Amino acid sequence: MTKPLFKRIALIGIGLIGSSISHAVRRAGLAADIVGHARTAATRDTALRIGLITEAFATAADAVRGADLVVLCAPVGACGALAAEIGPHLAAGAIVTDVGSVKGAIVRDCAPHLPAGVHFIPGHPIAGTEHSGPESGFAELFDGRWCILTPPSGSDPTAVDKLTALWLGMGAKVEIMDAEHHDLVLAITSHVPHLIAYTIVNTAAHLGRVTDSEVIKYSAGGFRDFTRIAASDPTMWRDVFLNNKEATLEMLGRFSEDLAELQRAIRFGDGDTLFKLFSDARQIRRGIIQAGQDTSAPDFGRQKAKS
Ligand code: NAP
C-alpha cells in the first residue's frame, strides 16, 4: 500500500464541502487521519457518528494542532477570524488551504494571520449542490470537476504540487490562476447566475396575479431549475456577494446591458436578434456538454440520490 499524502488533515467546517473532502480523501487513502472542527456540537457529533472525522474539536485552534494540512471549509466571511484563531497553533511546514467561492477576500483576510513557515495556498473546487451540512457530502462530488488553486507569488512549488496531488487524488482536475482572475471568472459563471436565480424566484413569489399554486404547478416551464439554484445556502451566498463586490457589479452591469438588448428586441418584434442570441446560447450549452462538465440528460445530469 502506498504512503498517504498527508498524516493528519484538519477540516475546519464540516458541511457539504468538508464532508465531501472527507469522503473523497478516504476513498483514495490520501490521509492517515482526518480530524475536524465545526461551530456547533450537533455538526461535530454527526461528523463523528458517520465517520467523517476521528476526533472532533470544539475550537479550531485545538483541531489544527499537529495537522500537516488544514482546510478551511467554512463560509468565506468566517475564514479571517478562523485564520487568526489557528495561526499560533499551526505546525511548522503545514499547508493551509480553503475552499471558499471567493479568493481575493480570503487572501486579504487570512494571509496576515498565518505565520512564516506555513504554506498558504487558497483553493476553490467548482463543484457543489444546493444542500448543506455534514450529511450532504459524497465522495464523487469532485470527480471530473475543476479545482482552482490561487497560490500567491513566491509560494513553495513543493507545497503547491502536494495540494495539487490531493485534488487529483480526490478526482478533480486542477487549474492554477491568480485570485483576482478567479473572482472575475466566477462572478460570471457562478455568482451572477445565482443572483439571477434568487431574483427570479422572489419576483415570481411576489407576483400578486399568479397564485402560489400556479407557480408550483407550472414550474417545469423553466422556473423549477432556477428554484434549485435559489435553494443554495443563504449564509454562503451572502458572504460571496459581500466579498466579491467589484467583479459581481462589473458582470451585473454587462448582464443588464445585454438584458436591455433582448428587451428592445422583444419590444420592436426583432425576431432575427432574438433567434441569433438564443442560438449562440445553445452553442454554449453544447460546449459545456462536449467539455464533460454536464450531460445532455434532461435532468441536467444530476442523479436523483445526490440532487
Ligand atoms: P455548509 O454545508 O453550510 O457548511 C459550513 C460549515 O462551516 C459547517 O460545518 C458550519 O458549522 C461551519 N461554520 C460556519 N461558520 C463557522 C464558524 N464561524 N466557525 C467554524 N465553523 C463554521 O457550507 P458548504 O457548502 O460546505 O460551504 C463551505 C465553503 O465552501 C464556503 O466558503 C463556500 O463558499 C465554499 N463552496 C461551496 C460550494 C457549494 O456548492 N456549497 C461549492 C464550492 C465552494 P455548523 O454546521 O456547526 O454551523
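Here the residue numbering is sequential within each chain, running from 1 through the sequence in written order. Given that this is a predicted model, residues contribute local features only at a pLDDT of at least 70 and side-chain atom pairs are listed and counted only at 80 or more, while totals for whole chains, interfaces and linings are drawn from all residues. Remark: hydrogens and water are excluded; side-chain values derive from all non-hydrogen atoms of the structure.

> Give a detailed account of the side chain of Thr43, specifying residues and quantitative values.
A run of DSSP states H or I qualifies as a helix once it reaches four residues; a run of E qualifies as a strand once it reaches two. Both are numbered from the N-terminal end. As for its position among the elements, Thr43 is in helix H2 (residues 41-49). Apart from residues lying up to four places away in sequence, Thr43 is in contact with Ile14, Ala38 and Pro134. A contact between two residues is defined here by any heavy atoms of the two lying within 4.5 Å.

> Tell me what's going on with the packing of helix H7 (residues 179-206) against helix H10 (residues 234-243), and back it up with residues and numbers.
Axes here mean lines fitted to C-alpha atoms, for a helix over just the part in contact, with angles spanning 0 to 180 degrees between N-to-C directions. Packing of H7 against H10 brings their axes to within 11 Å, and their N-to-C directions diverge by 125°. Classified by the angle their axes make, H7 and H10 are oblique. Like other packed secondary-structure pairs, H7 and H10 cross with a definite hand, here left-handed. The residues of H10 that touch H7, namely those facing Ser190, His191, His194, Leu195 and Tyr198, are Trp237, Val240 and Phe241. Just so you know how the angles are binned, under 35 degrees is roughly parallel, over 145 roughly antiparallel, 65 to 115 roughly perpendicular, and the rest oblique. We call a crossing left-handed when the near helix sits turned anticlockwise from the far one by less than a right angle, and right-handed when that turn is clockwise.

> Which residues make up the pairing of strand S9 (residues 173-176), and what values do they have?
When DSSP finds two or more bridges between a pair of strands, those strands are recorded as paired. Pairing geometry for strand S8 (residues 146-149) and S9, over four bridges, is parallel. Considered in S9, the bridge of Cys147 is made with Val174.

> Before we move on, can you summarise the packing of aromatic side chains with the specific residues and values?
Each Phe, Tyr or Trp ring (for Trp, its six-membered ring) is paired with any other whose centre lies within 6.5 Å, and the angle between the two planes then decides the class: stacked below 30 degrees, edge-to-face above 60, tilted in between. A full pass over the atoms with the stated rule returns two aromatic pairs. When the ring of Phe142 is compared with that of Trp167, the centres are 5.1 Å apart and the planes differ by 90°; the resulting orientation is edge-to-face. Taken together, the residues Phe142 in the loop between strand S7 (123-125) and S8 and Trp167 in helix H6 (residues 157-169) connect sequence positions 25 residues apart. This pair shows no difference in class: Phe142 is buried, exactly as Trp167 is. A ring pair is formed by Trp237 and Phe241, whose centres lie 6.0 Å apart and whose planes are at 40°; its orientation type is tilted. Pair noted here: Trp237 and Phe241 are both in helix H10, with a separation of four residues, about one helical turn. The exposure classification of Trp237 matches that of Phe241, with both residues buried. Burial here depends on accessible area, computed with a 1.4 Å probe over protein chains only, as a share of the maximum for the residue type. Under 20% is buried, over 50% is exposed, and the range in between is partly exposed.

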